[in-house]
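# Structural overview for review
Chain by chain, the residues run as shown.
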Amino acid sequence: DAGITQSPRHKVTETGTPVTLRCHQTENHRYMYWYRQDPGHGLRLIHYSYGVKDTDKGEVSDGYSVSRSKTEDFLLTLESATSSQTSVYFCAIRGGGQGPYEQYFGPGTRLTVT
Amino acid sequence: DAKTTQPNSMESNEEEPVHLPCNHSTISGTDYIHWYRQLPSQGPEYVIHGLTSNVNNRMASLAIAEDRKSSTLILHRATLRDAAVYYCILSRGNFNKFYFGSGTKLNVKP
């Protein structure tokens with residue numbers, strides 16, 4: 001299994017509070033991704049990173065920010081959580097260069113915003 | 001955005017082949033087709049991917065239509081462990097951004 005962990009695994013927070021989710025890898029992979037998955041749906045890309053301090057938006061980036069200060073960690077921040085951000089969040093990593101290389105997914109973080 | 005369409009659910013008998021269809025009529029020339037599957041309470045895992053030609057690996061086969069507007073994932077002999085949600089995904093660009101469909105939930109009967 002790829003060395004990828006997510007923390008916390010479960011979190012309940014109140015509307016309006018800031019939340020940070022952490023993705024940690026031990027594979028030294030260049031590419032990292034954050035997705036969200038809502039009930040009955042596939043995953044949707046929030047943000048991705050192609051190197052330290054190099055990040056870009058995905059298809060559902062509003063309300064989220066990311067940071068990557070070192071290769072192994074990719075942080076997802078909800079500046080002011082809303083109920084619409086209740087979801088399961090998955091991190092993925094990918095090695096190789098540019099191209100269709102396999103993405104390895106973490107176990108997910110279940111976030112509930114009350 | 002690159003969109004895919006899949007049936008919501010399918011059922012198969014154990015030890016029989018399964019053909020999971022996917023439509024991707026808006027695919028562009030450089031989009032790759034990927035299949036991943038997701039077991040309950042887990043992240044997705046890789047199954048197979050291709051561009052134009054049919055592909056085989058130890059898990060499955062991928063048949064791609066000549067016009068690339070559809071593809072089919074083939075599990076040659078379904079087992080109970082193959083029960084999962086199967087996602088047909090298009091990837092676009094150098095950063096391999098994935099566009100997931102809604103997936104097909106495969107139920108395998110013993």
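Data block above holds the structure.
Note that the structure is a prediction, hence the values are computed from the model and not measured.

Definitions and limits used
- Residues numbered from 1 in each chain as written.
- Chains lettered and ligands numbered in written order.
- Predicted model: local features only at pLDDT ≥ 70, side-chain atom pairs only at ≥ 80, totals over all residues.
- Heavy atoms only, no water.
- Phe/Tyr/Trp six-rings, centres within 6.5 Å; stacked < 30°, edge-to-face > 60°.
- Helix = DSSP H or I, 4+ residues; strand = E, 2+ residues; numbered from the N terminus.
- Buried < 20%, exposed > 50% of the residue type's maximum accessible area, 1.4 Å probe, protein only.
- Pairing = 2+ DSSP bridges.
- Disulfide = S-S within 2.5 Å.
- 1 Å grid on protein atoms, 1.4 Å probe; cavity = no way out; pocket = protein on both sides within 12 Å on 5 of 7 lines; lining within 4 Å.
- Points joined across faces, edges and corners; volume = space filled by probe spheres on them.
- Nonpolar A, V, L, I, M, F, W, Y, C, P; charged D, E, K, R; others polar.

## Overview of the packing of aromatic side chains
Residues and elements named next belong to chain A. The tally for this structure, following the rule as stated, stands at 12 aromatic pairs over all chains. Plain terms: the ring middles of Y35 and F105 are 5.5 Å apart, the flat faces sit at 45° to each other, and that makes the pair tilted. Of this pair, Y35 sits in strand β4 (residues 31–37) while F105 sits in strand β10 (residues 103–105), and the two are 70 residues apart along the sequence. The two residues Y35 and F105 agree in class, both being buried. A ring pair is formed by Y64 and Y89, whose centres lie 5.9 Å apart and whose planes are at 65°; its orientation type is edge-to-face.

## Here's the deal with the sheet that holds strand β2 (residues 18–23) of chain B
Pairing within the open sheet is antiparallel, and its four strands lie in the order β2-β7-β6-β5 (chain B). Edge positions in the open sheet fall to β2 and β5 (55–56) of chain B, since each of these has one partner strand only.

## Quick word on the state of the cysteines
Residue and element names in this part refer to chain A. The tally for this structure, following the rule as stated, stands at two disulfides over all chains. Note that C23 is cross-linked by a disulfide to C91, the S-S spacing being 1.9 Å. Given an S-S torsion of about -75°, the disulfide between C23 and C91 has left-handed geometry. Pair noted here: C23 is in strand β3 (residues 19–25) and C91 is in strand β9 (residues 87–94), with a separation of 68 residues, a long-range link. With respect to burial, C23 and C91 carry one shared label: buried.

## A look at the pairing of strand β3 (residues 32–38) of chain B
Residue and element names in this part refer to chain B. When you tally the buried positions in β3, you get six out of seven residues, the bulk of the element. The sheet contact formed by β3 and strand β8 (residues 84–92) spans seven bridges and is antiparallel. Opposite Y36, over in β8, you have Y87 as the bridge partner. When β3 meets strand β4 (residues 45–50), the two strands line up antiparallel, connected through five bridges. When the sheet's bridge partners are listed, R37 is paired in β4 with E45. Where β3 folds back onto β4 in an antiparallel hairpin, the turn is made up of six residues, including S41, whose phi is positive at roughly 60°.

## Remarks on the layout of surface pockets
The computed volume of the largest pocket comes to approximately 640 Å³. Considering only residue class, the lining of the largest pocket consists of 12 nonpolar, 15 polar and four charged.

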